[in-house]
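# Inside the fold
Here is how the chains run, residue by residue.
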Amino acid sequence: MNNETYIKQNFKETLVNINGEIFSPDQAKISVFDRSFLYGDSIYEVTRSYNGKLFALDEHLERLWLSADYLSLKLTITKDELKKEIEKTFKTLNLPNCYLRIIISRGVGEIGLDTKKVNTNNVVLILKSFK
């Protein structure tokens, strides 16, 4: 079974938001030159919703921003912008109980350790049914 078939079969109640654009899981793509792929250079947080309400979202975002500070990862999105994208994707999926993974990478750049040449994050939201 190829990856696309596996994804279609196992992630039916799932949406992926990449930099503000919502995709089905089998259509979501990130460049292999993204530093998260090359170096694990990203941060993430995970939460879920209960009966249509996201749990402790502000606290999770605060921890995400602290993680960015620890890695000297300059964020190109604000907390308010990220919250709007989360809400947009959550409303589009329209399920009361969801898993939410927020991933922010440093972005696409040259292969090498110099992070100064990377200036635009990739922001990925994965929302899926939580049963």
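Residues numbered from 1 in each chain as written. Predicted model: local features only at pLDDT ≥ 70, side-chain atom pairs only at ≥ 80, totals over all residues. Heavy atoms only, no water.

What follows covers the sheet that holds strand 6 (residues 122–129). Adjacent strands of a sheet form backbone hydrogen bonds with each other and so pair up, either parallel or antiparallel. Spatially, the 6 strands line up as an open sheet ordered 2-1-6-5-3-4, and their pairing is antiparallel. Here the strands that pair on one side only, and so sit at the sheet edges, are strand 2 (21–23) and strand 4 (53–54). Sheet topology note: the strand 1 (residues 14–18)/strand 2 ladder contains 3 bridges and is antiparallel. Along strand 2, the bridge assignment pairs Asn17 with Ile22. Lying over the sheet, helix 3 (residues 57–70) contacts strand 3 (42–50), strand 4 and strand 5 (98–105), oriented at roughly 175 degrees with respect to strand 3. (Pairing = 2+ DSSP bridges. Helix = DSSP H or I, 4+ residues; strand = E, 2+ residues; numbered from the N terminus. Contact = heavy atoms within 4.5 Å. Axes fitted to C-alpha atoms, helices over the stretch in contact; angles between N-to-C directions.)

In this section: the packing of aromatic side chains. According to the stated counting rule, one finds 1 aromatic pair in the structure shown. With a centroid separation of 5.9 Å and an interplanar angle of 80 degrees, the aromatic rings of Tyr50 and Phe55 are classed as edge-to-face. By relative accessible area, Phe55 is classed as partly exposed at 49%. In this structure, Arg48 is placed above the aromatic ring of Tyr50, and the distance from its NZ or CZ to the ring centre is 3.9 Å. A cation over an aromatic ring shows up here: Lys128 above the ring of Tyr99, its NZ or CZ 5.5 Å from the ring centre. (Phe/Tyr/Trp six-rings, centres within 6.5 Å; stacked < 30°, edge-to-face > 60°. Buried < 20%, exposed > 50% of the residue type's maximum accessible area, 1.4 Å probe, protein only. Lys NZ or Arg CZ within 6 Å of the ring centre and 35° of its normal.)

Turning our attention to the pairing of strand 5. Judged by how many residues are buried, strand 5 sits mostly within the fold: 6 of 8 residues are covered. Strand direction decides the pairing type here: strand 3 and strand 5, joined by 7 bridges, are antiparallel. Within strand 5, the residue paired with Tyr44 across the bridge is Ile103.

Note on placement: His60 falls in helix 3. Here His60 falls in the buried class, since its relative accessible area comes to 9%. Within the structure, His60 has its side chain in polar contact with the side chain of Arg63 (distance 3.1 Å). When residues no more than four places from it in sequence are discounted, the contact partners of His60 are Glu45, Val46, Thr47 and Phe55. (Polar contact = N/O pair within 3.5 Å; in protein donor to acceptor, adjacent residues only side chain to side chain.)

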